[in-house]
Amino acid sequence: MNGKLRLPSLNALRVFHVVAQHRSIRQAADELLVTPQAVGQQIKLLEDTLQVTLFERKGRSIEPTEAAILLSHYVKAGMEEFAEGVRRVTHSASRERINLNASPYFATHYLLPRLSLFRDIMPSLDLRLTTMIDLPDFARDDIDLSVQWGYGDWSDYETALLVPDPKVICCTPAIGERIRTPADLAAFTLLDLVKSKRLWSDILRHLGVDLPRGNRSVGFDDAATMRRATMQGIGVGLVSLIDAEEDLRLGTLVAPLGLDALAGMPPEEIPGFHLVVPRGHLRVKALAALHRWLLEQDWRADLVAPLPKSAPYLG
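Analysis parameters
- Residues numbered from 1 in each chain as written.
- Predicted model: local features only at pLDDT ≥ 70, side-chain atom pairs only at ≥ 80, totals over all residues.
- Heavy atoms only, no water.
- Helix = DSSP H or I, 4+ residues; strand = E, 2+ residues; numbered from the N terminus.
- Buried < 20%, exposed > 50% of the residue type's maximum accessible area, 1.4 Å probe, protein only.
- Areas by Shrake-Rupley, 256 points an atom, 1.4 Å probe, with all protein chains shown as cover.
- Lys, Arg positive; Asp, Glu negative; His and termini not counted.
- Charge placed at Lys NZ, Arg CZ, Asp CG, Glu CD.
- Pairing = 2+ DSSP bridges.
- Axes fitted to C-alpha atoms, helices over the stretch in contact; angles between N-to-C directions.
- Arc of directions from axis to C-beta.
- Polar contact = N/O pair within 3.5 Å; in protein donor to acceptor, adjacent residues only side chain to side chain.
- Salt bridge = Lys/Arg side-chain N within 4 Å of Asp/Glu carboxyl O.
- pLDDT = per-residue confidence, 0-100.
- Contact = heavy atoms within 4.5 Å.
- Parallel < 35°, antiparallel > 145°, perpendicular 65-115°, else oblique.
- Left-handed = near helix turned anticlockwise from the far one by under 90°.
- Nonpolar A, V, L, I, M, F, W, Y, C, P; charged D, E, K, R; others polar.
- Phe/Tyr/Trp six-rings, centres within 6.5 Å; stacked < 30°, edge-to-face > 60°.
- Core = buried A, V, L, I, M, F, W, Y, C linked by side-chain atoms within 4.5 Å.

Attention shifts here to the overall build of the protein. Across its full length, the protein carries eleven helices and eleven strands. Oriented by its inertia axes, the alpha-carbon framework of the protein measures out at about 75 × 55 × 35 Å. Residues classed as buried in the protein amount to 42% of the 315 residues present. Split by element, the accessible area of the protein, about 17,400 Å² in all, is 54% carbon and sulfur. Across the protein, the mean location of the 36 positive side-chain charges is 4 Å away from that of the 39 negative side-chain charges.

So, about the sheet that holds strand E4 (residues 126-130). Taken in spatial order, the five strands of this open sheet run E4-E3-E5-E11-E6, and their pairing is mixed. The open sheet has two free edges, formed respectively by E4 and strand E6 (158-164), since each of these has just one partner strand. The sheet shows a mean angle of 20° between the axes of neighbouring strands, taken without regard to direction. Examined bridge by bridge, E6 and strand E11 (residues 272-277) share six bridges and lie antiparallel to one another. By the bridge assignment for E11, Glu158 is matched with Val277.

The next thing to look at is helix H9 (residues 223-231). For the α-helix, the turn length of 3.6 residues means that residues three or four positions removed from each other point alike. Buried within H9 we find Met226, Arg227, Ala229 and Thr230. Each buried residue of H9 sits inside an arc of 160° when the element is viewed along its axis, so together they form one side. The N-cap of H9, judged by a side-chain oxygen 3.2 Å from the amide nitrogen of Ala224 a few residues on, is Asp222. Where H9 terminates, the next one or two residues include Gly233, which has phi positive at roughly 80°.

Next up on the list: the pattern of salt bridges. Taken as a whole, this structure holds 13 salt bridges when the rule is applied. For Asp165, the salt bridge goes to Lys167, with nearest N and O atoms at 2.8 Å. Both residues of the pair, Asp165 and Lys167, count as buried. As a salt-bridge pair, Arg227 and Asp243 come within 3.4 Å of each other at their nearest N and O atoms. Here Arg227 is found in helix H9, whereas its partner Asp243 is found in helix H10 (residues 241-250), with 16 residues between them in sequence.

What follows is about the confidence of the model for the protein. Averaged over all residues, the pLDDT of the protein equals 85, while 90% of them reach at least 70. Here residues 302-315 is a poorly scored stretch, pLDDT under 50, and it has 19 contacts once near neighbours within four places are set aside; other chains count.

Our next topic: the packing of helix H1 (residues 10-22) against helix H2 (residues 25-32). Direction vectors running N to C along H1 and H2 enclose 125°, while the axes themselves pass 8 Å from each other. Considering the angle they form, H1 stands oblique to H2. Two packed elements cross with a definite hand, and for H1 against H2 that hand is right-handed. Together, Arg14, Val15, Val18, Val19 and His22 of H1 and Gln27, Ala28, Glu31 and Leu32 of H2 make up the contact between the two elements. Considering only residue class, the contact of H1 with H2 consists of five nonpolar, two polar and two charged.

A few words now on the environment of Met132. The residue Met132 is located in the loop between E4 and strand E5 (145-150) in this model. In contact with Met132, not counting residues within four places along its chain, are Asn101, Ala102, Ser103, Pro104, Asp141, Ile143 and Gln148.

Here the focus is the packing of aromatic side chains. Counted under the stated rule, the structure contains ten aromatic pairs. Summarising the aromatic geometry, the rings of Phe106 and Tyr110 are spaced 5.2 Å apart at their centres and angled 20° between planes, so their arrangement reads as stacked. You can see Phe106 and its partner Tyr110 sitting in helix H5 (residues 104-111), four residues apart, about one turn around the helix. Neither residue differs from the other here; Phe106 and Tyr110 are each classed as buried. An aromatic cluster of at least three residues, connected via ring pairs, comprises Tyr105, Phe106, Tyr110, Phe118, Phe273, Trp293 and Trp299.

Let us look at the pairing of strand E1 (residues 55-58). For E1 and strand E2 (residues 61-64), the ladder comprises four bridges, and the chain directions are antiparallel. When the bridges of E2 are listed, Glu56 appears paired with Glu63. Between the end of E1 and the start of E2, which pair antiparallel, lie two residues, with Gly59 showing a positive phi angle near 70°.

Here Phe138 is to be found in the loop between E4 and E5. Aside from chain neighbours lying at most four places away, what touches Phe138 is Glu80, Ile143, Asp144, Leu145, Ser146, Tyr157, Val276, Pro278 and His281.

Counting residues in each nonpolar core, the largest one holds 55 residues, and the members touching the most others are Phe106, Ile169 and Val236. For this core, the leading source of residues is helix H11 (residues 285-296), giving six residues. When residues no more than four places from it in sequence are discounted, the contact partners of Val236 are Ile169, Cys170, Cys171, Ile175, Ile179, Leu185, Phe188, Thr189, Leu190, Leu191 and Trp200. Core analysis: the second largest hydrophobic core is formed by 19 residues, Leu13, Val18, Val19 and Val39 among them.

Right, dumping it as structure tokens:
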């Protein structure tokens, strides 16, 4: 015995990866183009090899055990490494292409006005921009790095805050006339983002407001739709500072509690736009350059002001 660890079948690990993603043997079978019985056999083989239980049946569904949750993190990282290695080998002559995903709001308000600066640094780069709201599956969606809205809780990836996204409590002038104190918010429908149900709860706790049980709220997939709903008087919304300043200047919305009502909130309770990238991707020179450029930008600067010219990266 040489003491070397005997690894399970790579096919069994691949099947486990898909089952862990879907938490469904049938959906995994559909993706893998095999029968559910074949998927079940591979999971049984893996469990026998590892001598652990990976999934427990709950009626017609399955639930991963603690061992499966732990293993899935490592298998996912491994699959992403495999995908990146294959991509680098098969596209070695044309790997100057980068697929960047960004939150639609960040892409429109922050990235597009500055994108030409990065093109000055790497003019030969083939940069592809997508605007998916949810965190992409980097391997399946062929995404190299992503800018996501949220609170930075993507522990499986390299994550860095680019710019916070402070909110302003806004409403139509007619509704604003009826809001004099934070407690008055309880009388209105609160407009929220389905991606973060903690937005209003954190804000109301900061303001010292206890809402009655069953308080009305409406959730939206994206900030732009919530902003339009606020303008239509559906309720009280949380509008990003850049948009709020424009709406207040035009008079379409008001901030009944003031622009600085949420000043002093703990930084961890303020959402923002985070740069998220699988750890292995930064080994590619072009990706590392874009990653470094995104981190170095002063995203808080006035977007109307002339943007500085960038010096080329060396090395």
